[in-house]
Amino acid sequence: MSSAAVGAPAARHARKTRGLGDHVAGWSFAGPATLIILGFALVPMAWALALSFTDSDLMKTPENVGLDNYRALFQDPVFFQAVRNTGLLLVLYIPASLVFGLVVAVLLNRKVRGIGFYRTAFLVPYVASATSAGLLMGYIFDRDFGLMNGVLGRLGLPLQGFLSSPSQAMYVLTLIFFWTRFGFAVVIYLAAIQEIDKAVLEAAAIDGAGRWATFRHIIVPSVRPITVFLAVWGVIDALQFFDLVMTTTQGGPASATVTIVYYVWQLAFRYSAAGYGAAVAYTLFAGTLLLIVAGLVVARRRGAVR
C-alpha cells in the first residue's frame, strides 16, 4: 500500500480532530455568554409571556385567564395615561437629543483651549448614576426649598410647582432625562464627525463653503446612518424610562408622570398584579418593535441606511 493511501485517512482524522478542537475552543469562549443570555433574557421573556395570560401575584398558583389581561388594557385609564406620558417623552426627547447632540458635537470638534474639559463635562451626566441625578434634580426643582424657585423668587417671578404640578411635572422630567442622556449622542456624533474625510472638508473650504453650508451639505449627510442609530437607541432608552420617575415623583402627582415601565413595576410589585403587569410589558415590547421597524423602513427608503 502506498504512503499516500495510508496518509489520506490520517489527514482526514487530523482535520476532524482539529475541527472538534476548534468547536470546543469556540464554545468555551461563547458558552458563558450564551448561558447568561439564556438565563437572564430569553428564559425570563418566555416566562413573562406565559405569565401575561394568567392571574398571578407571584405567590399563589397562576390561574389561566386567556386574553383577559390584554382586553383589560383597553379599559384602563392609567395605562393610557402612561402611554401618553411615554409618548410625550419620545416626541420631546428624540428630536432634541439628535439636534442638540449634533450641534454640540460640531462645537466640541473645534480646537480650542480646554476642549477636553468641555467634552468631559457633557459626558459626566450620562455616566453618573440615575439615582444621584434624580435626587439632585429633586432638590433643584423642589416646590418649597428648591434652587429654581429660589432663583425665580430673587428675580421677582412667580414660583412654580415643577415636579409637584400635574401640568409641569412630565415636562420637567423630560428636561432632566434629556440632561442625563444626550451626552451619549454628543460622544457618538463627535466620533462620526472626526471620521469624515478631511480632504472633503478642505475642498469645501477652498470652494468658499461657509460653516452653515459645510454643516448642511457635508456633516449632516455624512452622519445620517449615525442619526438613525441614535434615533433607534433613543426610542429604546426613552421607552425604558423608570429610574428618574422612581427617585423624583413616584409617578405623581395624580399619575401625571407614570410611564409604561413604571406602571409595569407598580402592577407587579406594589399591586400584586404580575399577570396584568406582564401583559402591559409585552404590549410595550410590541409597540417598541413596531416603532423601530417602521423607523428603519422609512430610513431605508430615504437612503439613510442600507
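Residues numbered from 1 in each chain as written. Predicted model: local features only at pLDDT ≥ 70, side-chain atom pairs only at ≥ 80, totals over all residues. Heavy atoms only, no water.

Student: How should the overall build of the protein be read in this particular structure?
Tutor: Within the protein, the regular secondary structure consists of 13 helices and 2 strands. At 26 Å, the protein has a C-alpha radius of gyration far larger than the 19 Å of a compact globule built from 306 residues. Its C-alpha atoms give the protein principal-axis dimensions of roughly 105 × 75 × 35 Å. By residue count, 33% of the 306 residues in the protein fall in the buried class. Of the contacts formed within the protein by residues at least 6 apart in sequence, a portion of 64% connects residues at least 24 apart. A total accessible area of about 18,600 Å² is found for the protein, and carbon and sulfur atoms account for 68% of it. For the protein, the distance from the average site of its 23 positive side-chain charges to the average site of its 14 negative ones is 11 Å. (Helix = DSSP H or I, 4+ residues; strand = E, 2+ residues; numbered from the N terminus. Rg over C-alpha atoms; globule rule 2.2 N^0.38 Å. Buried < 20%, exposed > 50% of the residue type's maximum accessible area, 1.4 Å probe, protein only. Contact = heavy atoms within 4.5 Å. Areas by Shrake-Rupley, 256 points an atom, 1.4 Å probe, with all protein chains shown as cover. Lys, Arg positive; Asp, Glu negative; His and termini not counted. Charge placed at Lys NZ, Arg CZ, Asp CG, Glu CD.)

Student: Which parts of the structure should I look at to understand the packing of helix α4 (residues 115–127) against helix α7 (residues 169–194)?
Tutor: The relative placement of two packed helices comes down to the angle between their axes together with the axis-to-axis distance. The contact between α4 and α7 brings their axes to 6 Å, and the two run at 135°. As judged from the angle between their axes, α4 and α7 are oblique. With respect to the hand of their crossing, α4 and α7 are arranged in left-handed fashion. Along its contact with α4, which presents Arg119, Phe122, Leu123, Pro125 and Tyr126, the element α7 presents Trp179, Thr180, Arg181, Phe182, Gly183, Phe184, Val187, Leu190 and Gln194. (Axes fitted to C-alpha atoms, helices over the stretch in contact; angles between N-to-C directions. Parallel < 35°, antiparallel > 145°, perpendicular 65-115°, else oblique. Left-handed = near helix turned anticlockwise from the far one by under 90°.)

Student: How should the packing of aromatic side chains be read in this particular structure?
Tutor: Each aromatic ring pair is described using two quantities: the centre-to-centre distance and the angle formed by the ring planes. Per the counting criterion, the structure on display carries 17 aromatic pairs. Where Phe229 meets Trp233, the ring centres are 6.0 Å apart and the plane angle is 40°; that geometry is what we call tilted. Here Trp233 and Phe229 lie together in helix α10 (residues 224–239), a separation of 4 residues that amounts to about one turn. For Phe229, a relative accessible area of 37% corresponds to the partly exposed category. Under the relative-accessibility criterion, Trp233 is labelled partly exposed at 37%. (Phe/Tyr/Trp six-rings, centres within 6.5 Å; stacked < 30°, edge-to-face > 60°.)

Student: Explain unusual backbone geometry here, please?
Tutor: Residues apart from glycine generally show negative phi values, whereas peptide bonds are mostly found in trans. Gly252 connects to Pro253 through a cis peptide bond whose omega is -5°. Within the element layout of this structure, Pro253 appears in the loop between α11 (243–248) and α12 (260–270). Its identity is not glycine, yet Leu58 carries a phi of approximately 70°, on the positive side. Take Leu58: it is sitting in the loop between β1 (54–55) and β2 (63–64). A relative accessible area of 37% means that Leu58 is categorised as partly exposed.

Student: Mind showing me how you'd approach helix α8 (residues 198–206) here?
Tutor: For an α-helix the count is 3.6 residues per turn, leaving residues at separations of three or four pointing the same way. Looking at where α8 begins, the residue whose side-chain oxygen comes 3.0 Å from the main-chain nitrogen of Ala199 is Asp197. Positive phi shows up at Gly208, right after α8, with a value of about 90°. (Polar contact = N/O pair within 3.5 Å; in protein donor to acceptor, adjacent residues only side chain to side chain.)

Student: Please explain the side chain of Thr249 as it appears in this structure.
Tutor: Looking at the element boundaries, Thr249 is found in the loop between α11 and α12. Excluding residues within four positions of it along the chain, Thr249 makes contact with Leu163, Leu173, Leu244 and Thr257.

Student: Explain the packing of helix α3 (residues 77–108) against α10 to me, please; I cannot follow it from the model alone.
Tutor: It is at 10 Å that the axes of α3 and α10 come closest, and there the two elements cross at 150°. Here α3 lies roughly antiparallel to α10, going by the angle between them. Note on packing geometry: the crossing formed by α3 with α10 is right-handed. In contact with Thr86, Leu89, Leu90, Tyr93, Ile94 and Leu98 of α3, α10 contributes Thr227, Leu230, Ala231, Gly234, Val235, Asp237, Ala238 and Leu239. Classifying every residue of the contact of α3 with α10 gives 10 nonpolar, 3 polar and 1 charged. (Nonpolar A, V, L, I, M, F, W, Y, C, P; charged D, E, K, R; others polar.)

Student: Would you explain the environment of Phe141 in this entry?
Tutor: With respect to the helices and strands, Phe141 occurs in the loop between α5 (130–140) and α6 (147–154). Along the primary structure Phe141 and Ser164 are separated by 23 residues, whereas in three dimensions their C-alpha atoms are 9.0 Å apart. Beyond its immediate stretch of four places on either side in the chain, Phe141 contacts Met148, Gly161, Phe162, Leu163, Val172, Leu175 and Ile176.

Student: In this structure, what is going on with the pattern of salt bridges? I would like to understand it.
Tutor: When charged atoms on two side chains of opposite charge get close, those side chains can pair. The full count for this structure, using the stated rule, is 3 salt bridges. Note that Asp68 and Arg71 form a salt bridge whose closest N and O atoms lie 2.8 Å from each other. You can see Asp68 and its partner Arg71 sitting in helix α2 (residues 68–73), 3 residues apart, about one turn around the helix. (Salt bridge = Lys/Arg side-chain N within 4 Å of Asp/Glu carboxyl O.)

Student: Honestly, a nonpolar patch on the surface in this entry has me stumped. Any pointers?
Tutor: Together, Leu35, Ile37, Leu38, Leu42, Val43, Met45, Phe285, Leu289, Val293 and Val297 make up a nonpolar patch on the protein surface, roughly 890 Å² of accessible area in all. Broken down by secondary-structure element, the contributors of at least two residues to the nonpolar patch are α1 (3–51) and α13 (274–301). Among the elements that take part in the nonpolar patch, α1 stands out by supplying 6 residues, more than any other. Considering the arrangement of structural elements, one finds Leu42 in helix α1. Overall, the relative accessible area of 45% leaves Leu42 in the partly exposed class. (Patch = residues over 30% accessible without salt bridge, like charges linked within 9 Å, V, L, I, M, F, W, Y side chains within 5 Å.)

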